[in-house]
Amino acid sequence: MKPGIHPAYRPVVFRDKAAGFAFLTRSTTTSDTTVDWEDGNSYPVIDVEISSASHPFYTGTARVLDTAGRVERFERRYGRRGTGR
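**Q** Tell me about the pairing of strand E4 (residues 42–48), and please be specific about residues and values.
**A** Sheet topology note: the strand E1 (residues 10–16)/E4 ladder contains four bridges and is parallel. Directly across from Asp16, in E4, lies its bridge partner Val48. Here strand E3 (residues 34–36) pairs with E4 via three bridges, running antiparallel. The residue bridging Thr34 from the neighbouring strand is Pro44, located in E4. Adjacent in sequence and paired antiparallel, E3 and E4 are bridged by five residues, among which Gly40 carries a positive phi angle near 90°.

**Q** Tell me what's going on with the sheet that holds strand E2 (residues 21–27), and back it up with residues and numbers.
**A** Sheets are built from strands paired through backbone hydrogen bonds, the pairs being either parallel or antiparallel. Read across the open sheet, the four strands follow the order E2-E1-E4-E3; overall the sheet is mixed. Only two strands of the sheet have a single partner each, and these edge strands are E2 and E3. For this sheet the average axis-to-axis angle between neighbouring strands, irrespective of direction, equals 45°. The sheet contact formed by E1 and E2 spans seven bridges and is antiparallel.

**Q** Hey, could you go over the packing of aromatic side chains for me, with residue numbers and the actual values?
**A** Applying the stated criterion across every chain yields a total of three aromatic pairs. Plain terms: the ring middles of Phe21 and Phe23 are 5.8 Å apart, the flat faces sit at 40° to each other, and that makes the pair tilted. On the basis of relative accessible area, Phe21 is assigned to the partly exposed category, the value being 33%. With relative accessibility at 33%, the residue Phe23 sits in the partly exposed group. Ring geometry for Phe74 versus Tyr78: centroids 4.9 Å apart, planes at 50°, classification tilted. Separated by four residues within a single helix, Phe74 and Tyr78 lie in helix H2 (residues 67–78), roughly one turn from each other. Since its relative accessible area comes to 56%, Tyr78 is described here as exposed. Within the aromatic cluster, the residues linked to one another by ring pairs are Phe14, Phe21 and Phe23.

Conventions and cut-offs
Residues numbered from 1 in each chain as written. Predicted model: local features only at pLDDT ≥ 70, side-chain atom pairs only at ≥ 80, totals over all residues. Heavy atoms only, no water. Pairing = 2+ DSSP bridges. Helix = DSSP H or I, 4+ residues; strand = E, 2+ residues; numbered from the N terminus. Axes fitted to C-alpha atoms, helices over the stretch in contact; angles between N-to-C directions. Phe/Tyr/Trp six-rings, centres within 6.5 Å; stacked < 30°, edge-to-face > 60°. Buried < 20%, exposed > 50% of the residue type's maximum accessible area, 1.4 Å probe, protein only.

Purely spatial values, then, with no claim about function.
Now the structure itself:
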């Protein structure tokens, strides 16, 4: 890698406002706001709308969609596709 052309890779806190969840990781993102972390150091913080702590897929609150009903409704409306492609 060429020196001096890549952004700094440093510890950053990502905070999920919806779930009240935060985690420390390394990133190249920047932020003007900082937060005092559990280890006593201050790190830049990036607020995110959704994370694994609040996403329905990871929390188990995801709803199953009726895809078969959608296909049948589409076929009723527009007809079936011919077998000879």
